[in-house]
Amino acid sequence: MTAKNPQKIKAASNHPDRPGERCQADPGTWRPRVDRSKCEGKKDCVEVCPHDVFTVERIRDADFAALGPLSKLKSLVHGRLTAYTPNADACRACGLCVVACPEHAITLARGA
Ligand code: SF4
Ligand code: SF4
């Protein structure tokens, strides 16, 4: 399991673009969405999320098939790793993952 990274959490907490005004939203009202064409499986999201929403694992075949040619190539270069959100129901919309992701692959969306 990937450990939390205190330095990255601190940097994300202080990031001027963090959508922190939604901090402590009720669980399930906001969810992170991962743009798989941008995600490079770098795990910053895993390292900063206080509610263990993310895992980084091998991209599923259907998700890989849905990528465009350049994104497929990029995925192969990065070992076919990508972020999934098995614990999305626990998201409290703190915004840390949004600003921690170096690829700007995460957005928060209301509801499912
Ligand atoms: S969503 Fe961003 S931070 Fe998370 S694994 Fe993908 S590239 Fe890394
Ligand atoms: S917004 Fe906060 S609680 Fe929700 S997935 Fe991102 S880091 Fe985790």
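The present account deals with the structure reproduced in this document.

Each value, and the rule that gives it
- Residues numbered from 1 in each chain as written.
- Chains lettered and ligands numbered in written order.
- Predicted model: local features only at pLDDT ≥ 70, side-chain atom pairs only at ≥ 80, totals over all residues.
- Helix = DSSP H or I, 4+ residues; strand = E, 2+ residues; numbered from the N terminus.
- Rg over C-alpha atoms; globule rule 2.2 N^0.38 Å.
- Near = placed C-beta within 6 Å.
- Nonpolar A, V, L, I, M, F, W, Y, C, P; charged D, E, K, R; others polar.
- Buried ≥ 20, exposed ≤ 12 C-beta atoms within 10 Å, placed from the backbone.
- Contact = placed C-beta atoms within 7 Å.
- Core = buried A, V, L, I, M, F, W, Y, C linked by C-beta atoms within 7 Å.

1. What to know about the overall build of the protein
Scanning the protein for helices and strands turns up five helices and four strands. Of the regular secondary structure in the protein, the N- to C-terminal order runs α-β-α-β-α-α-β-α-β. On C-alpha atoms alone, the protein measures out to a radius of gyration of 14 Å, which is about the 13 Å that the 2.2 N^0.38 rule sets for 112 residues. Each of the three principal axes of the protein carries a C-alpha extent, and together these read 35 × 30 × 25 Å.

2. Topic: the site of ligand 2
Around ligand 2, the surrounding shell holds 14 residues, and the nearest of these are Cys 49, Val 53, Cys 91, Cys 94 and Cys 97. Taken together, the residues of the shell around ligand 2 break down into eleven nonpolar, two polar and one charged.

3. What about the site of ligand 1?
The full set close to ligand 1 counts 14 residues, and Cys 39, Lys 42, Asp 44, Cys 45 and Cys 101 are the nearest of them. For the shell around ligand 1, the residue count by class is eight nonpolar, one polar and five charged.

4. Quick notes on the environment of Gly 41
Here Gly 41 lies in the loop between strand E1 (30–34) and helix H2 (44–48). The exposure class of Gly 41 is buried, given the 20 C-beta atoms found within 10 Å. Each C-alpha atom, one on Gly 41 and one on Val 77, is 11 Å from the other, the two residues being 36 residues apart in sequence. With residues up to four places along the chain from it excluded, the contact list for Gly 41 reads Val 56, His 78, Gly 79, Leu 81, Thr 82 and Ala 83.

5. A look at the nonpolar core
Nonpolar side chains in soluble globular proteins generally cluster together in the buried interior. Membership of the largest hydrophobic core comes to 21 residues, with the highest contact counts inside it found for Cys 45, Cys 49, Leu 96, Cys 97 and Ala 100. Mapped by element, the contributors of at least two residues to this core are H2 and helix H5 (96–100). Looking at this core, the element that brings in the most residues is H5, giving five residues.

6. With respect to the environment of Glu 40
Assignment of secondary structure puts Glu 40 in the loop between E1 and H2. A C-alpha to C-alpha distance of 9.7 Å links Glu 40 and Leu 76, two positions 36 residues apart in sequence.

7. Points about unusual backbone geometry
The phi angle at Ala 93 is positive, at roughly 60 degrees, despite the residue not being glycine. Of note, Ala 93 is situated in the loop between strand E3 (81–84) and H5. The exposure class of Ala 93 is buried, given the 22 C-beta atoms found within 10 Å. Here the phi dihedral of His 104 falls at roughly 50 degrees; this positive angle occurs in a residue that is not glycine. Mapped onto the secondary structure, His 104 falls in the loop between H5 and strand E4 (106–110). Owing to 12 C-beta atoms within 10 Å, His 104 belongs among the exposed residues under this scheme.

8. A word on the environment of Leu 70
Among the structural elements, Leu 70 can be located in helix H4 (residues 69–77). For Leu 70, a count of 9 C-beta atoms within 10 Å corresponds to the exposed category. Expressed as a C-alpha distance, the spacing of Leu 70 and Thr 82, which sit twelve residues apart in the sequence, is 15 Å.

Geometry only, nothing functional implied.
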